[in-house]
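Examination of the molecular architecture
Below are the chains, spelled out letter by letter.
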Amino acid sequence: MSEENNILVKLNNVGLLQNHKWLVKGVSLTVKKGQIVTLIGPNGSGKSTTAKIAIGIHKNIEGKVEKFTNKIGYVPQKISIDWTLPLRVNDFMVLTENLSDEAINEALSLTGAEHLKHKSLGNLSGGEFQRVLLARAVSKKPELLVLDEPVQGVDFTGEIALYKLIKEISEKLNCGILLISHDLHTVMSATDFVLCLNGHVCCSGTPKDVAMNNEYKVLFGEQASQTLSIYEHKHDHTHSDDGEIKKN
Amino acid sequence: MFDDFFIRALVAGIGVAFVTGPLGCFVVWRRLSYFGDTLAHSALLGVTMALAFEINIAISIFIISSVIAIILVKLEKNTNLPGDALLGLLAHSALAVGLVVIGFLSFIRFDVMGLLFGDILAVNVDDLIIIWGGGVIILIVLKLIWKPLFASTVNYELAEAEGLNPDRAKAIFTILMAAIIAISIKIVGLLLITGMLIIPTAMARNLSDTPRKMVVYSILGGLLSVLIGLFSSLEFNTPSGPSIIAAALLLFIISLFKIKQTIQLKN
């Protein structure tokens, strides 16, 4: 971690070109200790790609990534466990780091999944599996948590509770969190800074700034920001097919 | 003690079973059975090289298998062919080239059947040293890379994100695969090595609910297969490799009844 300003990871104008198409381009962001940064955007807008760039899964990138920690907890968007591998929650918890039994129990009860400990991973429901994934990422007390749609498949009340929990985790562990969500409203209360992506950074700022942004409304529909007062601004660009930005 | 050929074969087979158990689990989990086949087929080329240049067979097989593995990785990166087509290409090319070279080596007396299916008469004290020495090294290395290899088997991106370096683990595992084929060829024969890796593991899968249990049962299954197979090979004068694999198959079939029971219990 860089001493002076608690920065955990810093992306400077990064982009990823795959098969002649920019998956993302020109994204800059910083995650600091104790801060929750949320990426929102429609499907295919490069949210997961940006997160993977930040933690070093994508390597052939443009721009610069500075990582100041190696203690990372990651909840990927998609994970399929093969039936050929007999794996219980208990085994999954110690996948990347050995933990004491207490630490496993603590993490599982934090996400409300302690009753699943001896269950086979293949028998969990989508929501149960998400809780286990989150517990595993938190259990090693990371400095940076990267959560890619961590509440998918969780019912609505559980969703709100889990976001509350994520907020609590960031305070308790004083870790930085890079959160990906498709729904700004549910993450609203928890997040400090929002980047709205659509191949590039459409807009960014506090959740309130972003919700009032015109571009955000175009992406997510008028009702997405209806609860907030409407603030107008003009588009200054459109997108070509390969994701390039064209100035009007 | 090692004067008797049968004792030597038993000791060799037991050594092989200890190593194929855990490696076989990764072969099944990572869906590498066809990859194992490819390396095994290329072993024939290794044997002919050993005979032509008068070097140790195990070392020669190890080198050739490693080279084939490297070629495979390069081809995967540089062509648009699917993995199984490349594996088939390399497996059969290596087998064909190996057989052609054997044709040129007509001056050497050479037991092709023993090579393909294993021959318990052929195990000498040097082989025992290679099997047990090599086996211990393989198991130690596997233990060292277990965490990153297992984590990336479950999910590559998780392992990469959390700093476990799965690519290095995978490269080392490939070398271990080449090594197990090199040391087990005398006992099992090159056509059946993959069976020795997969069938006891498949049996173990039917009996296990954790990875650790699966590894233990896989080793036990391999040991039992070797014992049953070698004794029947001695009794009925059958080639050792097929006898061992047939024994493993028998154990697998028995293990199916256990699944049936568990399913009935659940219902």
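Report follows, based on the coordinates. No experiment lies behind these values; they were computed from the predicted model shown. (Residues numbered from 1 in each chain as written. Chains lettered and ligands numbered in written order. Predicted model: local features only at pLDDT ≥ 70, side-chain atom pairs only at ≥ 80, totals over all residues.)

1. Some remarks on the interface of chain B and chain A
Note the threshold: Our contact criterion uses C-beta atoms placed from the backbone: two residues qualify when those atoms are within 7 Å. Working definition: helices are DSSP H or I runs of at least four residues, strands are E runs of at least two. Numbering for both runs from the N terminus. Side-chain classes are defined by residue name, with Ala, Val, Leu, Ile, Met, Phe, Trp, Tyr, Cys and Pro counting as nonpolar, Asp, Glu, Lys and Arg as charged, and the others, Gly among them, as polar.
With 20 residues of chain B at the contact, the number on the chain A side is 19 residues. Among the secondary structure elements, those contributing two or more residues to the side of chain B that touches chain A are helix H1 (5–29), helix H6 (125–154), helix H7 (156–161) and helix H10 (211–236) of chain B. Ranked by residues supplied to the side of chain B that touches chain A, first place goes to H7(B) with 5 residues. Its residues placed into classes, the side of chain B that touches chain A shows 10 nonpolar, 5 polar and 5 charged.

2. Regarding the sheet that holds strand E4 (residues 62–67) of chain A
All names here are of chain A. Rule in force here: Any two strands with at least two DSSP bridges between them are considered paired. Each axis is a line fitted through C-alpha atoms, and for a helix only the stretch in contact is used; angles between axes span 0 to 180 degrees, taken between their N-to-C directions.
Taken in spatial order, the 3 strands make up an open sheet running E2-E1-E4, and their pairing is antiparallel. Two strands bound the open sheet, and with one partner strand each, they are strand E2 (21–32) and E4. Within this sheet the neighbouring strands show an average axis-to-axis angle of 15 degrees, counted without direction. Two strands pair when backbone bridges link them, and strand E1 (residues 7–18) and E2 are joined in this way by 8 bridges, in the antiparallel orientation. In the strand pairing of E2, Gln18 is matched with Lys21. Helix H1 (residues 47–54) contacts E1, E2 and E4 of the sheet and is inclined by roughly 125 degrees relative to E1.

3. Here's the deal with the sheet that holds strand E6 (residues 144–148) of chain A
Residues and elements named next belong to chain A. Across the sheet, which stays open at both edges, the 6 strands sit in the order E5-E6-E7-E3-E8-E9 with mixed pairing between neighbours. At either end of the open sheet lies a strand with only one pairing partner, and these are strand E5 (72–75) and strand E9 (201–205). On average, each strand axis in the sheet is tilted by 10 degrees relative to the strand beside it, whichever way the strands run. Sheet topology note: the strand E3 (residues 36–40)/strand E8 (residues 193–197) ladder contains 4 bridges and is parallel. Paired with Ile40 across the two strands is Cys196, which belongs to E8. Lying on the sheet, H1 is in contact with E3, E6, strand E7 (176–180) and E8; it crosses E7 at an angle near 155 degrees.

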